[in-house]
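Spelled out, the chains give:
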Amino acid sequence: MSRQGNRGTEGKKMLWYLPFISPSASMHLMNSELFTLTYGALVTQLCKDYENDEEVNKQLDKMGYNMGVRLIEDFLARSSVGRCHDFRETADVIAKVAFKMYLGITPSVTNWSPAGDEFSLILESNPLVDFVELPDNHNGLIYSNLLCGVLRGALEMVQMAVDVKFAQDTLRGDNVTEIRMKFIKRIEENIPVGDE
Amino acid sequence: MADEALFQFLHNELIQYVYKSAEQGEMENGRCITRLENMGFRVGQGLIERFTKDTARFKDELDVMKFICKDFWTSVFKKQIDNLRTNHQGIYVLQDNKFRLLAQMSGGKQYLEHAPKYLAFSCGLVRGGLSNLGVKSIVTAEVSTMPACKFQIMIQKM
C-alpha cells in the first residue's frame, strides 16, 4: 500500500511514495514511546558506565553509526526513493521521507551555506526527548547524539561522507533542536583489482 | 510500521554494547542478561503507565495476563501471544510462535545459544509492566526452536 505524494520544489516535481500511515495512529504513538523509553534506558546506562559526557557522546555516535549502516537498507527497501542527484535532494529526502517514516516528524531544511554543501535540519519537536530532563551534572551530554551517528552511517553507505552535529538542543535550553549537516566528499566505490 | 525496525536495530545495538563492555570488564553472561533485563524492567514500567492510562481496572490476575497477551503484546510486538497456559496457581506460560525479535535470525540450531540474549530485554519489559500493574513476578524465557519462544511468568505473593 502506498500513497503518492506530489511536492513541487523550486519548479522541479518530485514524486515520493510515502509508506501508508495506518488509521490506528495511537499504535504508532505506542511504538515510538517504546523506542523513546528504550533510548532513555540506554543513555542512563551509558552515563553510569562512563565518567564523562564526552565518552557517552562518542558511544552514542558509534552506536548510531552501526544502526545507520543497517537502517539505510531498510529505508531504501520501504521507500521507492531513487538516487539523489545532489545534496539538496538528499536533504529533502532525509527531512521529508526518512524522518517522517521513522520518527513521525518532518524537520525543516534551512540555512544552506553559499556553496550548497551545508544545511540545517530544524526539529520543532524531538521524539527522543519526550520525557527527558537533563540533570545539572551532565551539561556536556548531547542526548540525541545517536541521530548524528545514524545519519552519518546511513549516508556513508550511499557513498557520501558527511559531518553531522547538533547546533542547538532543546534539552540544553535552546528553542529548537538544530542538526547541522556538512557534505565532506563523495566516497569512491572501491572496485576490486581485476574487475572491469 | 517502520518504528519497529528502528526499535529492533536499537535493541540489537543495546545487546552488542552490553556484551562488549562485559568483555572488557570480564563479566559473565549472567551479569549481561541481568543488565538487559533491568533496562527492560524500567522501560516496561514506563510503557505500561502510558498505555493503561485510560483502561478500566483489572478484575483479577488472569485479566491482567490476558491484557499482557493481547493489548500489550500487540502494541509492542505487533502480534498477540499465540498460547496462554496457566496452572491457576500463579504460573503462566506465554507462547509466541514467531517472536519478532528473533524472526530476523535464521531458524535452526545455529544461533540457539545466542537467543536468550535477545529475550532478556523483553522479559524485563513484561516484568516491569506487571510490576506497575501491582503484580510482582519473575519472568524467564526459553527458546527450543527459533523463532518460537515461551515466556514463563511466576507470580510472587507479596
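Everything that follows concerns the structure shown earlier in this document.
Notes on the structure follow.

Calculation notes
- Residues numbered from 1 in each chain as written.
- Chains lettered and ligands numbered in written order.
- Predicted model: local features only at pLDDT ≥ 70, side-chain atom pairs only at ≥ 80, totals over all residues.
- Heavy atoms only, no water.
- Contact = heavy atoms within 4.5 Å.
- Buried area = accessible area lost by both parts, 1.4 Å probe.
- Salt bridge = Lys/Arg side-chain N within 4 Å of Asp/Glu carboxyl O.
- Polar contact = N/O pair within 3.5 Å; in protein donor to acceptor, adjacent residues only side chain to side chain.
- Helix = DSSP H or I, 4+ residues; strand = E, 2+ residues; numbered from the N terminus.
- Nonpolar A, V, L, I, M, F, W, Y, C, P; charged D, E, K, R; others polar.
- Phe/Tyr/Trp six-rings, centres within 6.5 Å; stacked < 30°, edge-to-face > 60°.
- Buried < 20%, exposed > 50% of the residue type's maximum accessible area, 1.4 Å probe, protein only.
- Axes fitted to C-alpha atoms, helices over the stretch in contact; angles between N-to-C directions.
- Parallel < 35°, antiparallel > 145°, perpendicular 65-115°, else oblique.
- 1 Å grid on protein atoms, 1.4 Å probe; cavity = no way out; pocket = protein on both sides within 12 Å on 5 of 7 lines; lining within 4 Å.
- Points joined across faces, edges and corners; volume = space filled by probe spheres on them.
- Left-handed = near helix turned anticlockwise from the far one by under 90°.
- Lys, Arg positive; Asp, Glu negative; His and termini not counted.

### Observations regarding the interface of chain B and chain A
Phase 1 of the analysis: On the side of chain A, 33 residues touch chain B, which itself brings 27 residues to the contact.
Phase 2 of the analysis: With both chains or domains summed, chain B and chain A bury close to 3100 Å², and 69% of this area falls on carbon and sulfur atoms.
Phase 3 of the analysis: When the buried surface of chain B facing chain A is broken down by residue, B:Leu6, B:Leu10 and B:Tyr17 rank first, second and third, together holding 22% of it.
Phase 4 of the analysis: At the boundary of chain B and chain A, one finds 3 salt bridges.
Phase 5 of the analysis: Residue B:Glu13 is joined to A:Arg70 by a salt bridge in which the shortest nitrogen-to-oxygen separation is 3.5 Å.
Phase 6 of the analysis: Between chain B and chain A we count 5 residue pairs in polar contact (both at pLDDT 80 or more) in total.
Phase 7 of the analysis: Elements with a minimum of two residues in the side of chain B that touches chain A: α1 (3-25), α2 (29-51), α3 (61-77) and α4 (115-132) of chain B.
Phase 8 of the analysis: The class makeup of the residues in the side of chain B that touches chain A is 16 nonpolar, 3 polar and 8 charged.

### Brief notes about the packing of aromatic side chains
Phase 1 of the analysis: Throughout the structure, instances matching the rule amount to 14 aromatic pairs over all chains.
Phase 2 of the analysis: Seen from their ring centres, A:Tyr39 and A:Tyr143 are 5.3 Å apart, and the 85 degrees between their planes marks the pair as edge-to-face. Of this pair, A:Tyr39 sits in helix α1 (residues 25-49) while A:Tyr143 sits in the loop between β4 (118-123) and α4 (145-156), and the two are 104 residues apart along the sequence.
Phase 3 of the analysis: By relative accessible area, which is 4% here, A:Tyr143 ends up buried.
Phase 4 of the analysis: Aromatic pair B:Phe58 and B:Phe67: ring centres 5.0 Å apart, planes at 55 degrees, arrangement tilted.
Phase 5 of the analysis: For B:Phe58, a relative accessible area of 21% corresponds to the partly exposed category.

### Section: the packing of helix α2 (residues 53-78) of chain A against helix α3 (residues 87-103) of chain A
Residue and element names in this part refer to chain A.
Phase 1 of the analysis: One way to put it is that α2 packs onto α3 with a least axis distance of 11 Å and a crossing angle of 95 degrees. Here α3 runs roughly perpendicular to α2, going by the angle between their axes. Between α2 and α3, the residues in contact are Leu71, Asp74, Phe75 and Arg78 and Val93, Val97, Ala98, Met101 and Tyr102, respectively.
Phase 2 of the analysis: Among the residues making up the contact of α2 with α3, the classes are represented as 7 nonpolar, no polar and 2 charged.

### Focus: the pattern of salt bridges
Residues and elements named next belong to chain A.
Phase 1 of the analysis: In total, this model carries 16 salt bridges over all chains according to the counting rule given.
Phase 2 of the analysis: We note a salt bridge from Lys58 to Glu55, for which the minimum N-O separation is 3.5 Å. You can see Lys58 and its partner Glu55 sitting in helix α2, 3 residues apart, about one turn around the helix.
Phase 3 of the analysis: Relative accessible area serves as the criterion here: at 28%, Glu55 is assigned to the partly exposed category.
Phase 4 of the analysis: Between Asp74 and Arg78 there is a salt bridge, and its shortest N-O distance comes to 2.8 Å. Taken as a pair, Asp74 and Arg78 lie in helix α2 at a separation of 4 residues, close to a single helical turn.

### Remarks on the layout of surface pockets
Residue and element names in this part refer to chain A.
Phase 1 of the analysis: By volume, the largest pocket is sized at about 600 Å³.
Phase 2 of the analysis: Looking at the largest pocket, it is lined by 31 residues, and the ones nearest its centre are Ile72, Phe75, Ile94, Ala154 and Leu155.
Phase 3 of the analysis: Contributing elements (two or more residues each) for the lining of the largest pocket: α2, α3 and α4.
Phase 4 of the analysis: If you tally residues by element for the lining of the largest pocket, the top one is α3, at 7 residues.
Phase 5 of the analysis: A breakdown of the residues in the lining of the largest pocket according to their chemical character gives 25 nonpolar, 3 polar and 3 charged.

### Quick notes on the packing of α2(A) against α4(A)
All names here are of chain A.
Phase 1 of the analysis: It is the contact of α2 with α4, at a shortest axis distance of 6 Å, that shows an interaxial angle of 40 degrees. By the angle class used here, α2 and α4 are oblique. Our pair here, α2 against α4, has a crossing hand that is right-handed. Facing Asn57, Leu60, Asp61, Met63, Gly64, Tyr65, Met67, Gly68, Val69, Leu71 and Ile72 of α2, the residues of α4 in contact are Asn145, Leu146, Cys148, Gly149, Val150, Arg152, Gly153, Ala154 and Glu156.
Phase 2 of the analysis: Its residues assigned to classes, the contact of α2 with α4 comprises 11 nonpolar, 6 polar and 3 charged.

### As for the side chain of A:Glu178
Residue and element names in this part refer to chain A.
Phase 1 of the analysis: Among the structural elements, Glu178 can be located in strand β6 (residues 177-186).
Phase 2 of the analysis: Notably, Glu178 is buried but unbridged: the nearest opposite-charge side chain belongs to Arg180, and the N-O separation is 4.5 Å.
Phase 3 of the analysis: In terms of polar contacts, Glu178 uses its side chain to reach the side chain of Ser120, at 2.7 Å.
Phase 4 of the analysis: One polar contact links Glu178 to Gln168, side chain to side chain, over a distance of 2.8 Å.

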